[in-house]
Amino acid sequence: MTRNIIILIIFLGFISCNSKNTIDNPPVAKINDSYLYLNQIRKIVPNNSSKEDSIRITQNYIHQWISKQLLVSRAELNLTEEDQDVEEMVEDYRSSLIIHKYQQHLIEQKLDTIVSRTEIDKYYRDYPGNFLLNRNIVKAVYIKIHKPLPQAKKIRQIYKLKKDSDWDKLEDYCFQNATKFDNFSDQWIYSQNLLNQTPIKISNEEKFLQRNKYFETEDSTFHYLINIQDYKLKKELAPLSFVSADIRKIIINKRKIQFIKSMEESIFKDAESKNKFKIY
């Protein structure tokens, strides 16, 4: 059967499928003794697909199906009978997949995912060694402005934020003049992510952070002003605010492990009490 005929049959099949007519289920491809049938194709094409999309999806699926069958045939020719005996592996995989789906179903229904601030604080205090920084982090204000620098004296003064009123002045200035204005004063970010947004080249990031609270740099087009409001160096204890989301995930994951263990023990004890199994 040629590709054009296959496409025609498939397309007509889709039309029939969308109606209430009863149709046959002809094969659309064959390799050795294996057949690919029209009903198998229908399952992978969305109902609202256009004719062009249906044909494209169908062609790709048929190509993949044929390639898979050819690979299986080649493998069967070149592997020993022992190597081809995969029934036990298939059954193990099936069992693992079913168990996993059942566990996930129970977890979604019954696992408590609310983690209190007290729990997060306690975990942070109990395991400080787990939260040492592997990279430098900063709280900072980043400003990028087209050259020449408008009102240079003013911006050089207010971006240092010496007074509370400087915040409003800085926001007004950046709204009118800045290409980019990022305020990371209330959150920690990796310092390298910040420095990568400037043309400056730094050989020792730790010393740079220790010696530069404010710095300016420029390239041929832009002027950059950075205010490092706080920093923590690699190997220091990470601030709680920086790792609290990770701690929450850790606590929930521990709950999942304990939930699954308790569920397995409960099923085992229930079956044991009802004599559902024997150990010889």
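Look above for the structure.
Enquirer: Tell me what's going on with the packing of helix α5 (residues 87-110) against helix α11 (residues 240-273), and back it up with residues and numbers.
Expert: With their axes 11 Å apart at the nearest point, α5 and α11 run at an angle of 115° to one another. Between α5 and α11, the crossing angle belongs to the class labelled roughly perpendicular. Note that α5 runs across α11; the crossing there is right-handed. Where α5 abuts α11, its residues Y102, Q103, L106, I107 and K110 lie against K256, F259, I260, M263, E264 and I267. A class-by-class count of the residues in the contact of α5 with α11 yields 7 nonpolar, 1 polar and 3 charged.

Enquirer: So what's going on with the sheet that holds strand β5 (residues 214-218)? Residues and values would help.
Expert: Here 4 strands make up an open sheet; going across it, the order is β4-β3-β6-β5 and the pairing antiparallel. Single-partner strands in this sheet number two, and they are β4 (178-190) and β5. Shown here is a sheet whose adjacent strand axes are inclined to one another by a mean of 15°, direction ignored. As paired elements, strand β3 (residues 137-146) and strand β6 (residues 222-232) share 10 bridges and run antiparallel to each other. Its bridge partner lying in β6, V141 is registered against N227.

Enquirer: Got a sec to walk through the packing of helix α6 (residues 117-126) against α11? Specific residues and values, please.
Expert: Two packed helices can be described by the angle between their axes and the distance between those axes. Interaxial distance between α6 and α11 falls to 9 Å at its minimum, and their mutual angle equals 100°. Viewed along their axes, α6 and α11 adopt a mutual orientation that is roughly perpendicular. The segment α6 lies against α11, with R117, E119, I120, D121, Y123 and Y124 engaging L240, V243, S244, I247, R248, I250, I251, K254 and R255. A class-by-class count of the residues in the contact of α6 with α11 yields 8 nonpolar, 1 polar and 6 charged.

Enquirer: How would you explain a nonpolar patch on the surface if you had to name every residue and give the values?
Expert: Residues V86, M89 and V90 make up a contiguous nonpolar surface patch of about 280 Å² in total accessible area. You can see M89 is positioned in helix α5. The exposed category is assigned to M89, whose relative accessible area is 59%.

Enquirer: Tell me about the nonpolar core, residues and numbers included.
Expert: Membership of the largest hydrophobic core comes to 17 residues, with the highest contact counts inside it found for I120, Y124, F131, V243, I247 and I251. With 6 residues, the single largest contributor to this core is α11. Those residues within four positions of I247 in sequence are excluded, and the remaining contacts are I120, Y123, Y124, F131 and L240.

Enquirer: Before we move on, can you summarise a negative patch on the surface with the specific residues and values?
Expert: On the surface, E82, D83, D85, E87, E88 and D92 cluster together into a patch of negative charge. Listing elements by their share of the negative patch, those giving two or more residues are α4 (81-84) and α5. Broken down by element, the negative patch gets its largest block of residues, 3 residues, from α5. Tracing the backbone shows D92 in helix α5. According to the relative accessible area criterion, D92 is partly exposed, its value standing at 45%.

What counts, and where the lines are drawn
Residues numbered from 1 in each chain as written. Predicted model: local features only at pLDDT ≥ 70, side-chain atom pairs only at ≥ 80, totals over all residues. Heavy atoms only, no water. Axes fitted to C-alpha atoms, helices over the stretch in contact; angles between N-to-C directions. Helix = DSSP H or I, 4+ residues; strand = E, 2+ residues; numbered from the N terminus. Parallel < 35°, antiparallel > 145°, perpendicular 65-115°, else oblique. Left-handed = near helix turned anticlockwise from the far one by under 90°. Contact = heavy atoms within 4.5 Å. Nonpolar A, V, L, I, M, F, W, Y, C, P; charged D, E, K, R; others polar. Pairing = 2+ DSSP bridges. Patch = residues over 30% accessible without salt bridge, like charges linked within 9 Å, V, L, I, M, F, W, Y side chains within 5 Å. Areas by Shrake-Rupley, 256 points an atom, 1.4 Å probe, with all protein chains shown as cover. Salt bridge = Lys/Arg side-chain N within 4 Å of Asp/Glu carboxyl O. Buried < 20%, exposed > 50% of the residue type's maximum accessible area, 1.4 Å probe, protein only. Core = buried A, V, L, I, M, F, W, Y, C linked by side-chain atoms within 4.5 Å. Lys, Arg positive; Asp, Glu negative; His and termini not counted. Charge placed at Lys NZ, Arg CZ, Asp CG, Glu CD.

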